[in-house]
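Here is how the chains run, residue by residue.
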Amino acid sequence: MNKKILSLKLDCLSKEDLINLLNYLSLEGYKNLSKADLIRKILESTANEESINKFIKEQYNLRTESIDIEKIKKEIKKVRNIKWGVVQGELDRKIQTELVRKTYSYNQLISRIKTNLYNEVKGYVIASWYNYWTTFIIENFIAKHEKVVPTLKPVKGIDLFWKEVPFDLKITYLPKNYWESNLSTKDVKKEIIKWLYENQGAQRFGSENRLFIVLHNKNNPEKSWELKRDFDSIFMELDRYLKEEVIDEQEDLIIFKFRRKTYSAIGKLCLIIK
């Protein structure tokens, strides 16, 4: 049992979850302890990691069982196109610079809202909705996989434990500069992972281990967003990958630079092409 990994798993539980876990393990009388002491008590106990993993998976299933995945899949099929329109975080700036400060007439303001702002906001909301629920369904499949233990509480840099290694999960599309590359080689895949690390947004920067699920429509890359709702194809490939792929701390080590600093992490890439 790797106590460092187990400690990370326990840290991804709330205090209430830890108390419930203690009861699950038939270890009682620790209700009034701090979260750190609860974790220490579990680590010092004779509880095996298999039982702890089972508890976490059961709790995850309980918390997601009320969500009708099949119904959401049907609703997602209704999306005809994706057009983000206004960029996230720039809506207020757009309203101020293009409407508020350039319009003197109230009636003209209302007209511009209807003709200009409505379509952009509508496009952004639909794209955001599609992105959120397709991501949720894929993450839900991964979380329930036999080789994965999910987290129950958001922790920066850890979404899941795959084969006892902590990973942040990212679902994205193949960068344009790799559309014509030979994607079957290990070196190119490592280059893609490095590119994804080095070109992440500054506000969401992270140097943690990452599992990248990268989608690509080979014949029409601009339509790759549609592949994200082809769940049967994605799940089949993910199941094979999560079962068969080997995690090698030396082979999978990615060294990258971000804002003149050098970082290293274990990076894995599951490339799904159609």
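Note that the coordinates shown come from a computational prediction; the quantities given were computed from them, not determined experimentally. (Residues numbered from 1 in each chain as written. Predicted model: local features only at pLDDT ≥ 70, side-chain atom pairs only at ≥ 80, totals over all residues. Heavy atoms only, no water.)

Each helix and strand in the protein was counted, giving 10 helices and 6 strands. For the protein, the spread of C-alpha atoms along the principal axes amounts to about 70 × 50 × 45 Å. Looking at the protein as a whole, 41% of its 274 residues qualify as buried. Put simply, of all contacts in the protein between residues at least 6 apart along the chain, 71% involve residues at least 24 apart. Accessible surface, the protein as shown: approximately 16600 Å² in total, 49% of it carbon and sulfur. Here the protein carries 50 positive and 39 negative side-chain charges, and the mean point of each set is 6 Å from the other. (Helix = DSSP H or I, 4+ residues; strand = E, 2+ residues; numbered from the N terminus. Buried < 20%, exposed > 50% of the residue type's maximum accessible area, 1.4 Å probe, protein only. Contact = heavy atoms within 4.5 Å. Areas by Shrake-Rupley, 256 points an atom, 1.4 Å probe, with all protein chains shown as cover. Lys, Arg positive; Asp, Glu negative; His and termini not counted. Charge placed at Lys NZ, Arg CZ, Asp CG, Glu CD.)

All right, on to the sheet that holds strand β3 (residues 165–173) then. The 6 strands lie next to each other as β1-β2-β3-β4-β6-β5, forming an open sheet whose pairing is mixed. Single-partner strands in this sheet number two, and they are β1 (148–155) and β5 (253–258). Across the sheet, the mean angle from the axis of one strand to that of its neighbour is 40 degrees, orientation sign disregarded. Two elements, β3 and strand β4 (residues 210–216), share 6 bridges in a ladder whose sense is parallel. Each bridged residue has a counterpart across the sheet, and for Asp168 the counterpart in β4 is Arg210. (Pairing = 2+ DSSP bridges. Axes fitted to C-alpha atoms, helices over the stretch in contact; angles between N-to-C directions.)

Our focus in this paragraph is a negative patch on the surface. Residues Asp187, Glu191, Asp248, Glu249 and Glu251 make up a contiguous surface patch of negative charge. Locating Glu191 in the fold gives a position in helix α8 (residues 186–198). (Patch = residues over 30% accessible without salt bridge, like charges linked within 9 Å, V, L, I, M, F, W, Y side chains within 5 Å. Salt bridge = Lys/Arg side-chain N within 4 Å of Asp/Glu carboxyl O.)

A separate point is the side chain of Thr134. For Thr134, the location among the structural elements is in helix α7 (residues 106–143). If near-sequence neighbours (up to four positions away) are discounted, Thr134 is found in contact with Ile76, Lys228, Arg229 and Phe231.

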